[in-house]
Amino acid sequence: MTAKELVFSGVQPTGNLHLGNYLGAIVNFVKLQQTHECIYCVVDMHAITVWQDPAELTKATREVAAAFIAAGIDPTKHIIFNQSQVSAHAELAWVFNCVARLGWLNRMTQFKEKAGKDRENASVGLYAYPSLMSADILVYRATHVPVGEDQKQHLELARDIAQKFNNDFGDTIRSHGFNDGLFFPQPEPLITGPATRVMSLRDGTKKMSKSDPSDYSRINLSDDADAIAQKVRKAKTDPEPLPVEEKGLEHRPEADNLVGIYAALSGRGKPDILQEFGGGQFSNFKSSLVDLAVEKLGPIGAEMKRLTGDPAYMDSVLADGADRARVLADATMNKVKDIVGFIRKA
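Every value quoted in this text rests on a predicted model; they were computed, and no experiment measured them.

Student: Provide a residue-level description of the overall build of the protein, including the pertinent values.
Tutor: Helix and strand content of the protein: 14 helices and five strands. With the principal axes as the frame, the protein shows a C-alpha extent of 70 × 45 × 40 Å. Residues classed as buried in the protein amount to 47% of the 346 residues present. Pairs at least 24 residues apart make up 75% of the contacts formed inside the protein by residues separated by at least 6 positions. On the protein, roughly 17,100 Å² of surface is accessible, and the fraction owed to carbon and sulfur atoms is 51%. Of the side-chain charges in the protein, 40 are positive and 44 negative, and the distance between the mean point of each set is 2 Å.

Right, dumping it as structure tokens:
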């Protein structure tokens, strides 16, 4: 029997969601709900691997969920929830901590990057959170995960953990009716076309980031139309006109970034954009980009503001999503307990 295709993805509630998050991930989340069953999780447990102000964490959790809805994800047809409301994530993560090998986690490059030079002072959670990420995916026995370049290694770990669990407990798995000895699937990366890599509006060589001290380096999804327009107009450019061919964007990171943003927001390719604006001055191109960005992003920001202004409603959406997610996750966790040999109430 072929497993039903199920997509899982999570977003951390840390800092403002920005244009890079939208074009790189959320746009694809919206598309995937047309073809797959989808579970979209606000991963608040991952957020606390580094210290978070509790009030800000609550606010940011609602904001991420609001961004999902404002961008077009339907919380009645698909599941939107925050991770900490479904305890099976943490339970399965502990089982996976005991399945995963220390050498596997030592190879995780993101820990090295996030911990920096003072690794001895990093939290155990920051080190072990790839096991929790694996649990997030496999507790729903998800078949597909949309991933960027920086998350491919974590998905490979989830596949390794799934395979080792199936191998370690193969006899018990078969005794519980899984004749092929495979309880957990091998989740596949979901490639939805070339990823849109959005760079800083102040430095085209650096990725757009919520941690950049300059708010003018990014367009936040919560920005209103005036803020979007001002940031696009102030975006760094160079004195040359736009080229007529894509090759002309080489060694011009700021121009390449703005053309890429225009292409992504309009659903067109860079060559098409350059055919329209190539040879002209940046000022005319920027004016058109302002109009396009405000048209596409303005309504999302306005809807996010409306939704986050009603915290009771947002909490009800998250609670409803958690109730539906819990049914799926608990069913998996109960089987895991039986397979591992834990006694539980029947």
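Student: Kindly report on the packing of aromatic side chains, identifying the contributing residues and their values.
Tutor: Using the criterion set out here, one finds 16 aromatic pairs in the structure. For the ring pair Phe277 and Phe285, a centre distance of 5.2 Å and an interplane angle of 75 degrees mean the geometry is edge-to-face. Residue class for Phe277 comes out buried when judged on its relative accessible area of 12%. An aromatic cluster is built from Phe96, Phe165, Phe169, Phe178, Phe183 and Phe184, whose rings are joined through pairwise contacts. Above the ring of Phe183, the side-chain terminus of Arg141 is found at 4.5 Å from the ring centroid.

Student: Hey, could you go over the environment of Asp224 for me, with residue numbers and the actual values?
Tutor: In this fold, Asp224 is placed in the loop between β5 (188–190) and α10 (225–234). The class for Asp224 is partly exposed, based on a relative accessible area of 48%. Along the backbone, Asp224 and Met208 are 16 residues apart, and their C-alpha atoms lie at a distance of 18 Å. At a separation of 3.3 Å, a polar atom in the side chain of Asp224 contacts the main-chain amide nitrogen of Asp226.

Student: Quick rundown of the pairing of strand β3 (residues 79–82)? Include the residues and the values.
Tutor: Of the two faces of β3, both are covered, the one formed by Ile79 and Phe81 as well as the one formed by Ile80 and Asn82. With four bridges connecting them, strand β2 (residues 37–42) and β3 associate as parallel partners. Its bridge partner lying in β3, Val42 is registered against Asn82.

Reading the values: the criteria
Residues numbered from 1 in each chain as written. Predicted model: local features only at pLDDT ≥ 70, side-chain atom pairs only at ≥ 80, totals over all residues. Heavy atoms only, no water. Helix = DSSP H or I, 4+ residues; strand = E, 2+ residues; numbered from the N terminus. Buried < 20%, exposed > 50% of the residue type's maximum accessible area, 1.4 Å probe, protein only. Contact = heavy atoms within 4.5 Å. Areas by Shrake-Rupley, 256 points an atom, 1.4 Å probe, with all protein chains shown as cover. Lys, Arg positive; Asp, Glu negative; His and termini not counted. Charge placed at Lys NZ, Arg CZ, Asp CG, Glu CD. Phe/Tyr/Trp six-rings, centres within 6.5 Å; stacked < 30°, edge-to-face > 60°. Lys NZ or Arg CZ within 6 Å of the ring centre and 35° of its normal. Polar contact = N/O pair within 3.5 Å; in protein donor to acceptor, adjacent residues only side chain to side chain. Pairing = 2+ DSSP bridges.

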